[in-house]
Structure formats: structure tokens, C-alpha cells
Amino acid sequence: MSENTITFVTGNANKLKEVIAILSTSESQNGTSKVGKYSITNKSLDLDEVQGTIEEVTINKAKAAAKILDGPVLVEDTCLGFEAFNNLPGPYIKWFVKSIGLSGLVDMLYKFENKGANAICTFGYCEGPDAEVKLFQGITKGNIVDSRGPTDFGWDSVFEPEGFDQTYAEMDKKTKNTISHRFRALDKLRDFLTSQ
Ligand SMILES: O=c1nc[nH]c2c1ncn2[C@H]1C[C@H](O)[C@@H](COP(=O)(O)OP(=O)(O)OP(=O)(O)O)O1
Ligand SMILES: [Mg+2]
């Protein structure tokens, strides 16, 4: 593999699809994206996630991936935090969705007028087992609403981004991919990689 190949490591096929769509250019092929001098390929691996802030979680994921693959890696951690809960569940949103479901998330905010939520995506880039991890973060603000639209990707159907009357799940993918937390984080990563 060339030294300019970065492997995006995730166990989440929907994330991967969005990353490929957002980074796609005429040069992309077979799921490999071109960014500046880099080719970004991918590998499906479920990495251990420590407890901590989103930055700590992402740094650890990136280091774990760089160690396993012994080369340049990219990982991503996604948070959904409620303003009424001082931005929790945050990095633990996955376990909330798993255990209480989407209606459970909506019910958590039952007694709060403030339904505000922040979707935060943090990419961690690490060149190898001994390298520092660089972080690139994107945030999209919105509100938690009763589930509307397909429920095949995480909490998409209960998150209505500010300025829109559709949930992420109801939007066409192209629209989500131009305003999402993931798009905003990838925009920063793209700037960094193209300046290398
Ligand atoms: O755009 C999104 N729209 C809706 N839901 C989303 C989105 N992006 C991640 N999600 C879900 C997946 C998981 O339930 C949690 C993040 O957890 P997170 O650890 O980052 O993802 P993961 O474990 O599925 O994949 P990975 O192997 O990359 O860690 O939020
Ligand atoms: Mg995960």
C-alpha cells in the first residue's frame, strides 16, 4: 500500500457511505476517495471505545486503529447531545439508542421545553502507531422531534436540523450531506489533507 493511502476504519456501513459520498470527486472509484495526494480506502473494524469526552474517545479510537493497521488511519466518532442535559448522552448516544430506542430519546426530553440538540462529528487522523492524533470537528444544531422518516441510520429520524422542516432521515441524502455534522468535519479534514 502506498504511503499516501489512509484507511478509514469504522464498523458502521452508513457512516462509510456518507463519507464516500461527501468526499467523492471524479477521481473516486470502487469506494476509494482521492483527497489531495491521498487515497482514502476503508476497513470494517469495531474498535474499543473508552469513556471520556468526544476528543478522548476519538483520540483513543485513532491510536487503536493505527496500532492494529500499523499505518495512516482515519476514524470518526459521532455524538448527539441534548442542551437540556448539558450535551449528554454525547459520545454514549449509541448505547442510549440501543437500550431505550428512538422513542426513549424523545421521552427523555418530555419535561423540558428546550428540545435543542447538537450533532457533533469528530474525525481523528493518525499517521501511524507513534504519531499524534489530529482532530477535525463539525457541529450541526437541531431539535429532537418525534420520529419521522426511515429509521435505518441511528437517530436520523428524531433529529431535525435548524432551518429545516425535515428530519435528517426525511431529507434526501444529498441535502443531508451538505449540511451535516459529518460534512462540516470532513470539510476541515479535506482542507488539511489538501494542504499537505
Ligand atoms: O449521521 C448520523 N445520523 C444518525 N445517527 C448516526 C449518525 N452518525 C452516527 N450515528 C449513530 C451511530 C451510533 O449509534 C452513534 C455514534 O456512535 P459511533 O461510535 O460514532 O458509531 P459506530 O459505533 O456505529 O461506528 P464506529 O465503528 O465508526 O465507531 O450514532
Ligand atoms: Mg463506535
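Note that the structure is a prediction, hence the values are computed from the model and not measured.

Quick notes on the rules
Residues numbered from 1 in each chain as written. Chains lettered and ligands numbered in written order. Predicted model: local features only at pLDDT ≥ 70, side-chain atom pairs only at ≥ 80, totals over all residues. Heavy atoms only, no water. Pairing = 2+ DSSP bridges. Helix = DSSP H or I, 4+ residues; strand = E, 2+ residues; numbered from the N terminus. Core = buried A, V, L, I, M, F, W, Y, C linked by side-chain atoms within 4.5 Å. Buried < 20%, exposed > 50% of the residue type's maximum accessible area, 1.4 Å probe, protein only. Near = heavy atom within 4 Å. Polar contact = N/O pair within 3.5 Å; in protein donor to acceptor, adjacent residues only side chain to side chain. Nonpolar A, V, L, I, M, F, W, Y, C, P; charged D, E, K, R; others polar. UniProt positions renumbered as here; feature names shortened; annotations may be inferred. Contact = heavy atoms within 4.5 Å. Salt bridge = Lys/Arg side-chain N within 4 Å of Asp/Glu carboxyl O. Phe/Tyr/Trp six-rings, centres within 6.5 Å; stacked < 30°, edge-to-face > 60°. Lys NZ or Arg CZ within 6 Å of the ring centre and 35° of its normal.

**Re the pairing of strand β3 (residues 38–44)**
Within a regular beta strand, the side chains point alternately toward one face of the sheet and then the other, so they alternate between its two faces. Inspection of the sheet shows strand β1 (residues 5–10) paired to β3 by 6 bridges, in the parallel sense. Note that in β3 the partner of Phe8 across the bridge is Asn42. Bridge count between strand β2 (residues 33–35) and β3: 3 bridges; the pairing is antiparallel. When the bridges of β3 are listed, Val35 appears paired with Tyr38. Hairpin connection of β2 to β3: 2 residues between the antiparallel strands, including Gly36 at a positive phi of 55 degrees.

**Concerning the nonpolar core**
Counting 19 residues, the largest nonpolar core has Ile40, Leu74, Phe123, Tyr125 and Leu193 as its most contacted members. The set of elements that each furnish at least two residues to this core consists of β1, α1 (13–23), β3, β6 (116–126) and α5 (181–194). Core analysis: the second largest hydrophobic core is formed by 17 residues, Phe82, Leu109, Ala119 and Trp155 among them.

**What about the site of ligand 1?**
Taken together, 18 residues surround ligand 1, and among them Thr10, Gly11, Lys61, Lys94 and Asp156 come closest. In the environment of ligand 1, an oxygen atom lies 3.3 Å from a nitrogen or oxygen atom belonging to the side chain of Asp77. Elements that contribute at least two residues to the shell around ligand 1 include exactly β4 (73–82), α3 (93–108) and α5. Looking at which element gives the most residues to the shell around ligand 1, the answer is β4, with 3 residues. Class assignment of the residues belonging to the shell around ligand 1 gives a composition of 3 nonpolar, 6 polar and 9 charged.

**A look at the UniProt feature "binding site: Mg(2+)" (unreviewed entry) in the protein chain**
Per the UniProt record, "binding site: Mg(2+)" (unreviewed entry) is found at Glu49 and Asp77. Taken along the chain, the residues just named run across 29 residues; in space they keep tight, none of their C-alpha pairs more than 9.5 Å apart. Looking at the secondary structure, you find Glu49 in the loop between β3 and α2 (54–69). Residue Glu49 is classed as partly exposed on the basis of its relative accessible area, which comes to 35%. For Glu49, the residues in contact, after removing those within four places along its chain, are Val57, Lys61 and Asp77. Here Asp77 shows up in strand β4. Asp77 sits in the buried class, given a relative accessible area of 3%.

**A short note on the pattern of salt bridges**
Using the criterion set out here, one finds 12 salt bridges in the structure. Residue Glu18 pairs with Lys173 through a salt bridge whose shortest N-O separation is 2.6 Å. Here Glu18, found in helix α1, pairs with Lys173, found in helix α4 (residues 173–179); they are 155 residues apart in sequence, far enough to count as distant. According to the relative accessible area criterion, Glu18 is buried, its value standing at 1%. Connected via shared salt-bridge partners are Lys15, Glu18, Glu76, Asp156, Lys173, Lys176 and Arg182.

**Here's the deal with the packing of aromatic side chains**
According to the stated counting rule, one finds 8 aromatic pairs in the structure shown. A centroid spacing of 5.7 Å and a plane angle of 75 degrees characterise the contact between Trp155 and Phe159, whose relative ring orientation is edge-to-face. Each member of the pair, Trp155 together with Phe159, is buried. Feature note: the residues Phe82, Phe85 and Phe112 constitute an aromatic cluster, connected by ring pairs. Lys111 extends its terminal NZ or CZ atom over the ring of Phe112, reaching a point 5.2 Å from the ring centre.

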